[in-house]
Amino acid sequence: MGDTLSKSDLRSYANVLTPANFKKILRKKDYSFEYYRSNGHIRGKDFSTCHEAINHFYESLLSNYKNEYVYKNILIHELLLKSYKLEDTIVLNEFRIGGSIADLVLLNGEAIVYEIKTEFDSLNRLDKQIQNYFQFADKVYVVSCSRYIPNLVKRYSDTNLGIIELTQRNALKKVKKASRNNSSFSHEVLFKTLRKKEYIDLIECYFGYIPNVPNTKIFRECFRLSKEIEIIRFQKMVINKLKKHRNLSEPKYFQDGQIPDPLTYIYYNLNLSDKEFQVLDSFLKKQCIFHI
C-alpha cells in the first residue's frame, strides 16, 4: 500500500467498521464516530466520498490486521453470496449455543457453525466451544489463520470438525472437510436456542396442542414434551423454526450487486429496510467528512 500503518491506525480503522457505528447512521443519523474514530489516522489521504474512505480502511485491514470483522465479511461474501441461494439460507451472528456463542451459524437444509480464531485469539476455549456446537449443528468448522492451522489439524484430525484457513491472499482454503454429526445432539441445547413463541409453535405443530399450564410453567412443560421427539427429527424442527423466524436482510440488495464488498457483513447483519438502505447508500455517496 506504500504507507506504514501503526497498530493505532489499524485499530482505528477496525473501530469504524462495526455494525454499531452504522446503526448510528441509520437510526440516529449520528456521524460522530467519523471524527472520534478516524481523526489523525488517515495521514495524507484524500477521499472524495465516504465510500472511498471505507474502502481504504477495509483494504488496510485485509493487508495488515485481519480481525474478526474481516473474517466475517469474507465468510458472508464467499459462502452466503457465492455458494448458497440467498432465498433459502440465513446466517445468524453471535448465536448462543449451550455455554458458548458461535461467531456465525449458517442455516439451510442443515446447520453449520463457523467459529473464528484470528491471530489475535487464543485456542484455550476451543474444545468446549466445539463440544457445545456439536450438540446443535450438523457440521462445525473452525476458520483460522495459517499460524494456527498445523495445531488445529493435529488436535482434530480424528474428529468430525472441519478446518478452513483464511490465507494471506484472503481466500478461504478448506484444509479439512467437516463430517456430518448427528450423535451428539442435545434436546436441552437445541430447545434453549428457541424463543418462547418459537418453542410453543414447534410443540403445537408436533403434538397438535399447546400445554394447558400456567405461563410460569410453559417453558418446563414444552421442554418436557420436546424430549419425546426423536432427537434427529427434533434438531431438524429446531433448525427450520430458527430459519423461519430469524430471517434477516432482503436478498434483492445482494443479488443486484448494490452492496459494497467491505460492508457485506454489516449490510446483512443490520437487516435493512428499503428506507435504511437508501440512507446508507446516500451516506456512502456523501463528500468524505472523515477528519484527516
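The coordinates are above.
If you're wondering where the values come from, they're calculated on a predicted model, not measured in any experiment.

A look at the overall build of the chain
- Within the chain one finds 14 helices and six strands.
- Out of the 292 residues in the chain, the part that is buried amounts to 50%.
- Pairs at least 24 residues apart make up 64% of the contacts formed inside the chain by residues separated by at least 6 positions.

Here's the deal with the side chain of Q235
- Position of Q235 among the secondary structure elements: in helix 11 (residues 231-245).
- Ignoring sequence-local partners within four residues, the contact set of Q235 consists of A111, F136, A137, D138, F185 and L190.

Notes on the environment of E87
- With respect to the secondary-structure elements, E87 resides in the loop between helix 5 (68-80) and strand 1 (90-97).
- Sequence separation between E87 and N108 is 21 residues; the distance between their C-alpha atoms is 9.7 Å.

Comments concerning helix 5
- The terminal C-alpha atoms of helix 5 lie 17 Å apart, and with 13 residues this matches the ideal 18 Å at 1.5 Å per residue to within 8%.
- In terms of burial, helix 5 is largely enclosed, as eleven of its 13 residues are buried.
- Every buried residue of helix 5 is listed here: Y69, V70, Y71, K72, N73, I74, L75, I76, H77, L79 and L80.

Things to note about the pattern of salt bridges
- Applying the stated criterion to the full structure yields 13 salt bridges.
- Linking K117 and E115 is a salt bridge whose minimum nitrogen-to-oxygen distance equals 3.8 Å.
- Under the relative-accessibility criterion, E115 is labelled buried at 3%.
- With a closest N to O distance of 3.3 Å, D138 and R180 form a salt bridge. In this pair, D138 sits in the loop between helix 6 (126-134) and strand 4 (139-144) while R180 sits in the loop between strand 6 (172-176) and helix 8 (187-191), placing the two residues 42 residues apart along the sequence.
- Given a relative accessible area of 47%, R180 falls into the partly exposed group.
- Shared partners join several salt bridges into a network, and the residues in it are E110, D138, K139, R180 and K236.

Points about the environment of F219
- Here F219 shows up in helix 10 (residues 218-226).
- With a relative accessible area of 35%, F219 lands in the partly exposed category.
- Spatially, the C-alpha atoms of F219 and Y199 are 8.4 Å apart, while their sequence positions differ by 20 residues.
- Beyond its immediate stretch of four places on either side in the chain, F219 contacts F191, K192 and Y199.

Structural notes on empty space enclosed by the protein
- One pass over the structure, following the stated rule, counts two cavities of 30 Å³ or more.
- The calculated volume of the largest cavity comes to roughly 50 Å³.
- L75, I76, L79, L80, V91, L104, L106 and Y114 are the residues that line the largest cavity.
- Those elements that place two or more of their residues in the lining of the largest cavity are helix 5 and strand 2 (100-107).
- Looking at the lining of the largest cavity element by element, the count peaks at four residues for helix 5.
- Its residues assigned to classes, the lining of the largest cavity shows eight nonpolar, no polar and no charged.

Conventions used here
Residues numbered from 1 in each chain as written. Predicted model: local features only at pLDDT ≥ 70, side-chain atom pairs only at ≥ 80, totals over all residues. Heavy atoms only, no water. Helix = DSSP H or I, 4+ residues; strand = E, 2+ residues; numbered from the N terminus. Buried < 20%, exposed > 50% of the residue type's maximum accessible area, 1.4 Å probe, protein only. Contact = heavy atoms within 4.5 Å. Expected span 1.5 Å × (residues − 1). Salt bridge = Lys/Arg side-chain N within 4 Å of Asp/Glu carboxyl O. 1 Å grid on protein atoms, 1.4 Å probe; cavity = no way out; pocket = protein on both sides within 12 Å on 5 of 7 lines; lining within 4 Å. Points joined across faces, edges and corners; volume = space filled by probe spheres on them. Nonpolar A, V, L, I, M, F, W, Y, C, P; charged D, E, K, R; others polar.

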